[in-house]
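# Close look at the chain arrangement
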Amino acid sequence: MGKRGVVTDYSGEELYRGDLVAYSARQGNRVRMADAIVDKVTTRLVGGRLRAMLRVKPTGVESGFTKRRSLRKEWIAAEHVRLVIPGVAVGDRN
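Residues numbered from 1 in each chain as written. Predicted model: local features only at pLDDT ≥ 70, side-chain atom pairs only at ≥ 80, totals over all residues. Heavy atoms only, no water.

### Some thoughts on the side chain of D9
For clarity, the threshold we go by: What counts as a helix is a DSSP run of H or I of at least four residues, what counts as a strand is a run of E of at least two, and both are numbered from the N terminus. The cut-offs for exposure are 20% and 50% of the maximum accessible area for each residue type, with area from a 1.4 Å probe on protein chains only; residues under the lower value are buried, those over the upper are exposed, and the others partly exposed. Counting of polar contacts relies on pairs of N or O atoms within 3.5 Å, with two restrictions inside protein: one atom must be capable of donating a hydrogen and the other of accepting it, and residues adjacent in sequence are counted only when both atoms are side-chain atoms.
Mapped onto the elements of the fold, D9 is located in the segment before strand 1 (20-27). Given a relative accessible area of 4%, D9 falls into the buried group. In terms of polar contacts, D9 uses its side chain to reach the side chain of S11, at 3.0 Å. There is a polar contact of 2.9 Å between the side chain of D9 and the backbone nitrogen of L83.

### Concerning the nonpolar core
Selection rule: Grouping buried Ala, Val, Leu, Ile, Met, Phe, Trp, Tyr and Cys residues that are joined through side-chain atoms within 4.5 Å yields what is termed a nonpolar core. The contact criterion used throughout is that any non-hydrogen atoms of two residues lie within 4.5 Å.
In terms of nonpolar packing, the biggest core is built from 14 residues, with L15, V21, Y23, L54, V56, I76 and V81 touching the most fellow members. Contributions of two or more residues to this core are made by strand 1, strand 2 (30-46) and strand 3 (49-62). Each residue touching V21, except ones within four places of it in the same chain, is listed here: L15, A34, D35, A36, V38, V56, V81, R82, L83 and V84.

### Looking at the packing of aromatic side chains
We apply this condition: Whether two aromatic rings pair depends on their centres lying within 6.5 Å, for rings of Phe, Tyr and Trp, where Trp uses its six-membered ring; planes under 30 degrees apart make the pair stacked, over 60 edge-to-face, and the rest tilted. Remark: a charge is flagged as sitting over a ring if the NZ atom of Lys or the CZ atom of Arg is within 6 Å of the ring centre and within 35 degrees of the ring normal.
Counting across every chain of the model gives zero aromatic pairs. Taking NZ or CZ as reference, R44 lies 4.2 Å from the ring centre of W75, over its face. A cation sits over an aromatic face here: R82 above Y10, 5.7 Å from the ring centre.

Rendered as structure tokens:
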């Protein structure tokens, strides 16, 4: 039987809705570091393997010299995410 658990970042810190995380985002041919608030934590079956996925809302704080065009929510894999501050969005932590 499979073990049920929580979704974690690459260092083992648990991720929940409302946490502030840092992740790498592509812009054209470059990669930048971006901060975002976790909106939804789930898992998806990708290529026969269960992968942890996060829907995040970018905060607009990121590296790079050109501005992001939109702050729309996006889905990212949790394997390359790092928790910065837990529970930033008050009242969203479950």
